[in-house]
Every structure is written in structure tokens, then in C-alpha cells.
Amino acid sequence: MHIYQTIDEAVAAVQSHNGSPEDFELRMDEKLLDALGVNMAIVTDAILSKGWEPNGFEDCDGHRRFLYR
């Protein structure tokens, strides 16, 4: 389990994943979850550019886990 600490790191992980979206989970440190959602908008652009769709999230201790399909 890896919790991403920077937006650049999260975007790079999305872009480099070659498997199915169901095999990828994005765990974002809670400090990156800004009130306006700017950081997640950047990551979501990378997600959508791969043709993936959001498939829910789970709040965890100190981070949020995002799933895709």
C-alpha cells in the first residue's frame, strides 16, 4: 500500500499504470485533499485521459482510497 504525498507522484503513478483500472487504487494523503478540489482535479484529468471512470472512494486513517473502472 502506497500513500501518495504529492500530486506529481500521483499523476505519474496513474500515467505509468499499464493494467486495468480495477487493478489500480490511488491512496492520497489527506493533506492533498484541499477544500476546492484543485489537487484531485489535476489527478482526475490524468484518470480521464486514460479512459477510466471513478468507482468510489473510502476514507481511511490519514488518507483517502480512490477506485476506478
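See above for the structure.
Residues numbered from 1 in each chain as written. Predicted model: local features only at pLDDT ≥ 70, side-chain atom pairs only at ≥ 80, totals over all residues. Heavy atoms only, no water.

A. Representation of the pairing of strand E4 (residues 63-68) in the model. Of the pairings in the sheet, the one linking strand E2 (residues 25-29) to E4 comprises five bridges and is antiparallel in character. Its bridge partner lying in E4, Asp-29 is registered against His-63. As defined by bridge partners, strand E3 (residues 54-60) adjoins E4 across five bridges and the pair is classed as antiparallel. The partner of Asp-59 across the bridge, within E4, is Arg-64. Count of turn residues in the E3/E4 antiparallel hairpin: two residues, of which Gly-62 carries a positive phi of about 85°. (Pairing = 2+ DSSP bridges. Helix = DSSP H or I, 4+ residues; strand = E, 2+ residues; numbered from the N terminus.)

B. Molecular detail of the side chain of Arg-65. Its location among the elements puts Arg-65 in strand E4. At a separation of 2.9 Å, a polar atom in the side chain of Arg-65 contacts the side chain of Glu-25. (Polar contact = N/O pair within 3.5 Å; in protein donor to acceptor, adjacent residues only side chain to side chain.)

C. Structural context of helix H1 (residues 7-16). Of the residues making up H1, those classed as buried are Ile-7, Ala-10, Val-11, Ala-13 and Val-14. Axial view of H1: buried residues confined to an arc of 160°, hence all on one face. Residues Asp-8 and Gln-15 are exposed on H1 and point more than 90 degrees away from its buried face. Where H1 is buried, its residues contact strand E1 (3-4), E2 and helix H2 (38-49). The backbone nitrogen of Glu-9 has a side-chain oxygen 3.0 Å away, supplied by the residue at the start of H1, namely Thr-6. (Buried < 20%, exposed > 50% of the residue type's maximum accessible area, 1.4 Å probe, protein only. Arc of directions from axis to C-beta. Contact = heavy atoms within 4.5 Å.)

D. Here's a closer look at the nonpolar core. One finds Val-14, Phe-24, Leu-26, Met-28, Met-40, Val-43 and Tyr-68 to be the most contacted residues of the largest nonpolar core, which totals 17 residues. Secondary-structure elements contributing two or more residues to this core are H1, E2, H2 and E4. Looking at which element gives the most residues to this core, the answer is H1, with five residues. (Core = buried A, V, L, I, M, F, W, Y, C linked by side-chain atoms within 4.5 Å.)

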